[in-house]
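Analysis of the macromolecular model
Below are the chains, spelled out letter by letter.
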Amino acid sequence: MRPLSYTASATLDEAVAGLAAGDRLLAGGTDLLPLLKADVLRASRLVDIKRAPVPDDIRRVAGHIRIGALATIAAIADHPLLEGPCSLLRQAARETATAQIRNRATLGGNLLQRPRCWYYRNSRSHCWLKGGADCPAIEGHHEHHAIFDDSPCRAIHPSDLAGCLLALNAEVVLFGLAGERSIPLREFYQPPEDERRKETVLAPDEIITGIDIPELPDNWRSIYLKAMERKTWAFALVGIAIVLQRSGDTIDEVRIAATGLAQIPRRLVYCEQALAGTAGTGDQIGAARDALGHGAHPLPDNGYKLDLARGLLERGLRTLLS
Ligand SMILES: Cc1cc2nc3c(=O)[nH]c(=O)nc-3n(C[C@H](O)[C@H](O)[C@H](O)COP(=O)(O)OP(=O)(O)OC[C@H]3O[C@@H](n4cnc5c(N)ncnc54)[C@H](O)[C@@H]3O)c2cc1C
Ligand code: SF4
């Protein structure tokens, strides 16, 4: 690991002051520190934000549930405010990593964790996402990669919570040198492109302070289903988050998001359209299954993800509609 200095910021202004000059924010450190040790990322200084006024609580704020950026994944897994319509977040948190990591890892860090692509995590590979010319995964090992090709990078965003928050129409609360702003999570994540080789529009001088989830009436239900290579301590091959509301037998509104299929958490709008206003019969669920492949271009070794995703979607819908 290269030499670097460490400081703990006492204010938000202090935390963001040196970001544009190469400081890196340290929260739980479960993603950042291994990447620094492996020389994949570099920093001149680590700025520990655990003593800054970045919230770590989960509370009601004017029609929203606000989760502080420093809330741990363990806290999300057990919090009573996240029962009911938001319970998919608790499910996703419980299936994230291990108990030790859940106790340390924070929501902000989870949303900003870097790809698990093996080329990305190898310091000798200078792939496209790290500023190089090509993506070696396309011709190489890509079993875990994206089946949608919205970016020259085919790595998936690994966060389970991000998919759930997308289905909940969450907003990200940011603080930077220009002050505070909130943006919808669906705008915060953008597929990496030539001029912005990362998965978010977070400005170089910004910090996440929290996530706002609009409160939903009690007749909304939700579920998160995750397919893994083994039953525990694994990233999602595919994760499907569903949030829906019914009146009688009719699905009034349904929001479906996927982890593991694209470079960023992805709303499956064609599946939503196949179900909204219907009773969710077997045929209508079948139409949603078919719609899941709309626009997908799997690579030679990851087409299995489409079948996995369709299976999870059907299981999730049948559970919520039963
Ligand atoms: C063995 C293992 C298994 C895992 N399994 C899963 C899994 O199944 N599902 C899943 O979703 N994740 C999984 N993870 C990822 C894990 O959830 C993340 O490593 C963790 O959430 C990162 O949070 P952190 O607080 O440790 O972030 P850090 O490592 O401290 O930071 C990560 C990045 O975010 C930045 N950052 C942190 N907080 C903020 C903030 N508030 N504002 C701006 N920037 C910030 C840091 O500068 C850094 O770039 C796993 C990790 C490991 C090691
Ligand atoms: S998928 Fe992305 S991170 Fe992986 S090698 Fe290709 S460009 Fe790099």
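Here, every reference points to the structure presented above.
Analysis parameters
- Residues numbered from 1 in each chain as written.
- Chains lettered and ligands numbered in written order.
- Predicted model: local features only at pLDDT ≥ 70, side-chain atom pairs only at ≥ 80, totals over all residues.
- Heavy atoms only, no water.
- Near = heavy atom within 4 Å.
- Polar contact = N/O pair within 3.5 Å; in protein donor to acceptor, adjacent residues only side chain to side chain.
- Areas by Shrake-Rupley, 256 points an atom, 1.4 Å probe, with all protein chains shown as cover.
- Helix = DSSP H or I, 4+ residues; strand = E, 2+ residues; numbered from the N terminus.
- Nonpolar A, V, L, I, M, F, W, Y, C, P; charged D, E, K, R; others polar.
- Axes fitted to C-alpha atoms, helices over the stretch in contact; angles between N-to-C directions.
- Parallel < 35°, antiparallel > 145°, perpendicular 65-115°, else oblique.
- Contact = heavy atoms within 4.5 Å.
- Salt bridge = Lys/Arg side-chain N within 4 Å of Asp/Glu carboxyl O.
- Phe/Tyr/Trp six-rings, centres within 6.5 Å; stacked < 30°, edge-to-face > 60°.
- Buried < 20%, exposed > 50% of the residue type's maximum accessible area, 1.4 Å probe, protein only.
- Lys NZ or Arg CZ within 6 Å of the ring centre and 35° of its normal.
- Pairing = 2+ DSSP bridges.

1. Remarks on the site of ligand 1
Near ligand 1, the surroundings consist of 30 residues, among which L25, G29, T30, T106 and D160 are the closest. One of the backbone nitrogen or oxygen atoms of G28 is found 2.8 Å away from an oxygen atom of ligand 1. T106 is positioned such that a nitrogen or oxygen atom in its side chain is 2.6 Å from an oxygen atom of ligand 1. Summarising the interface, the protein chains cover 92% of the accessible area of ligand 1, which totals 970 Å² for the free molecule. Broken down by secondary-structure element, the contributors of at least two residues to the shell around ligand 1 are α6 (107-111) and β8 (207-214). Top contributing element to the shell around ligand 1 by residue count: α6, with three residues. In terms of residue class, the shell around ligand 1 is made up of 16 nonpolar, ten polar and four charged.

2. A short note on the packing of helix α4 (residues 87-94) against helix α8 (residues 160-167)
Their axes nearest at 9 Å, the elements α4 and α8 cross at an angle of 170°. Of the possible angle classes, the one that applies to α4 and α8 is roughly antiparallel. Judged by residue contacts, L88, L89, A92 and A93 of α4 engage D160, L161, C164 and L165 from α8. By residue class, the composition of the contact of α4 with α8 is seven nonpolar, no polar and one charged.

3. Observations regarding the pattern of salt bridges
Evaluated as defined, the whole model comprises 21 salt bridges. Notably, a salt bridge pairs R90 with E83, separated by 3.8 Å at the nearest N-O pair. Here the salt bridges do not stand alone but share partners, grouping R2, D39 and R42 into one network.

4. Thoughts on the packing of aromatic side chains
Counted by the stated rule, this structure contains one aromatic pair. Plain terms: the ring middles of F188 and Y189 are 5.4 Å apart, the flat faces sit at 70° to each other, and that makes the pair edge-to-face. Pair check on accessibility: F188 and Y189 agree, each one buried. Cation over ring: K130 sits above Y120, and NZ or CZ is 5.5 Å from the ring centre. The lysine or arginine in question, R266, covers the ring of F148, its NZ or CZ lying 3.6 Å from the ring centre.

5. Notes on the pairing of strand β4 (residues 58-61)
Note: β4 against strand β5 (residues 64-68), four bridges, orientation antiparallel. Looking across to β5, one finds that V61 is bridged to H64.

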